[in-house]
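The primary structure of each chain is shown beneath.
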Amino acid sequence: MSMKEKILSQLINANGEPISGQKLANELNISRTMIWKHLKSIEEDGYVIEAIKKKGYILQSIPDIVSQERITSYLETKSIGRNIAYYPVCESTQTIASEKASEQAPHGTVIITEQQTAGRGRLERPWDSSANKGIWMSVIIRPEISPQFAAQFTLVSAVAITLAIEDLTDCSPAIKWPNDLLINGKKVTGILTELQADMDRVQAIIIGIGVNVNQDLEAFDESIQSIATSLKMESGQEVNRAELVAKILFYLEKYADMYVENGFEPIKLLWESYNCTIGKRIRANMLRETVEGVAMGITNDGVLELKLDNGEIRGIYSADIHLMNK
Ligand code: BTX
């Protein structure tokens, strides 16, 4: 736990009684100036702290947070989300989830935070994860499948998140193969699927989900303001993040179970109905080459089939896709 988290948990555990700055400083073995600095930073995250002369600090209100208690109050799943680790702030939920998965965290474990200081996308690209406005979580699942099928969980997750967003907002996202959800051409969600496996068996799939929920444009780093959007920006309304998390986990469980039982085919139809890639001319940037062509469809294994200009059909397993004709 960081110092800031320790101070916050002391304030929460005080249950409305004041705690003096001196007591915090003594217990945590830091100066009162440092305590004050951390309290300011906690306030910046949306917590309201009242300072009462000669008595100390009282936590007056907690912001719209995605704590375990709040998510559980909406949760309708059997296993996914029944074990939640909540961090007010962390570097990356994906990194924590990776460690927890190696330490045998059970199927369905969720790591969730209000703010990531080093959120990441594919190929270590930075993921903008501002405080208290988005959903930044990683879900550990342990399906009994062979590692070659793991990437399809990106597509399964895309369907689950789309359905959850449709249920709770007026927005209808489009799925851009393989891992983005767009609204009006701008990115509202990114998915990062990572794998821990033996040669022939998946140990864990870690599904990292980033959803821009209640940000206004200025909350985004300037470098992505022209390509990113949030549910609030699109619908004009704030969304209850804890409820949306529970809904995403509900659909993720439903379709992950369906996948393990029946394969990708039944989910493929849903995926196709929400996708904005098929039929478009696209440029696919892969690690070693870039190709252009028309996206013909996805196979039952989730591979994107691209018709190149020379007529050749190429199966694309992983790439960054640029849509040429919106
Ligand atoms: P990606 O590599 O497909 O997309 C990363 C790119 O998206 C960046 O280079 C940038 O251009 C753009 N971008 C960065 N932040 C945002 C944002 N908030 N909204 C829209 N566009 C953005 C996508 O990777 C996978 C992202 C997964 C994020 C989750 S959050 C929880 C978990 N923890 C973690 O560190 N990552 C995952």
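The rules behind the values
- The numbers attached to residues start from 1 for each chain and follow its sequence in the written order.
- In keeping with the predicted nature of the model, local features appear solely for residues at pLDDT of at least 70, side-chain atom pairs appear and are counted solely at 80 or more, and the whole-chain, interface and lining totals rest on all residues.
- Processing note: side-chain calculations cover all non-hydrogen atoms of the structure and skip hydrogens and water entirely.
- Between any two strands, pairing holds if DSSP finds at least two bridges.
- Numbering of helices and strands runs from the N terminus; a helix is a DSSP stretch of H or I covering at least four residues, while a strand is a stretch of E covering at least two.
- A fitted line through C-alpha atoms represents every axis, and for helices the fit uses only the stretch in contact; the resulting angles, taken between N-to-C directions, go from 0 to 180 degrees.
- Should any heavy atoms of two residues lie within 4.5 Å, those residues are considered in contact.
- The start and end points of each domain follow an automatic or database-based domain assignment.
- Each of two parts loses accessible area, computed with a 1.4 Å probe, when they are put together; buried area is these two losses added.
- In what follows, salt bridge is the name for a side-chain nitrogen of Lys or Arg lying within 4 Å of a carboxyl oxygen of Asp or Glu.
- Throughout this description, a polar contact denotes any pair of N or O atoms lying within 3.5 Å of each other; where both atoms belong to protein, one of them has to be capable of donating a hydrogen while the other can accept it, and for residues adjacent in sequence the pair is counted only when both atoms sit in side chains.

**Let's talk about the sheet that holds strand S5 (residues 134–141)**
(1) Moving on: With mixed pairing, the 7 strands of this open sheet are ordered in space as S3-S4-S5-S9-S8-S7-S6. Only two strands of the sheet have a single partner each, and these edge strands are strand S3 (83–87) and strand S6 (174–176). This sheet shows a mean twist of 20° between the axes of neighbouring strands, independent of strand direction.
(2) Moving on: Sheet topology note: the strand S4 (residues 109–113)/S5 ladder contains 4 bridges and is antiparallel. When the sheet's bridge partners are listed, Thr-113 is paired in S5 with Trp-136.
(3) Moving on: Together, S3, S4, S5, strand S8 (186–197) and strand S9 (202–212) form the strand contacts of helix H5 (residues 93–102), whose direction differs from that of S5 by roughly 20°.

**Details of the domain arrangement of the chain**
(1) Moving on: Each domain of the chain was delimited in the assignment, giving domain 1 (3–61), domain 2 (68–274) and domain 3 (281–323).
(2) Moving on: The C-alpha-based centres of domain 2 and domain 3 are spaced at 24 Å.
(3) Moving on: Each partner contributes residues to the interface: domain 2 has 14 residues there, and domain 3 has 14 residues.
(4) Moving on: Both sides together, the interface formed by domain 2 and domain 3 hides about 1,200 Å², and carbon and sulfur atoms give 56% of it.
(5) Moving on: Summed over the shared surface of domain 2 and domain 3, the result is 2 salt bridges.
(6) Moving on: The closest approach of N and O atoms between Asp-320 and Arg-125, which form a salt bridge, is 2.6 Å.
(7) Moving on: Across the contact surface, domain 2 and domain 3 share 8 residue pairs in polar contact (both at pLDDT 80 or more).
(8) Moving on: Listed by contribution, the elements that provide at least two residues to the side of domain 2 that touches domain 3 are helix H6 (152–168) and helix H9 (265–274).

**Some details on the side chain of Arg-122**
(1) Moving on: Along the chain, Arg-122 turns up in the loop between S4 and S5.
(2) Moving on: Polar side-chain contacts of Arg-122 include one of 2.5 Å to the side chain of Asp-320.
(3) Moving on: When near neighbours in sequence (up to four residues on either side) are disregarded, Arg-122 contacts Pro-178, Asn-179, Leu-192, Ser-318, Ala-319 and Asp-320.

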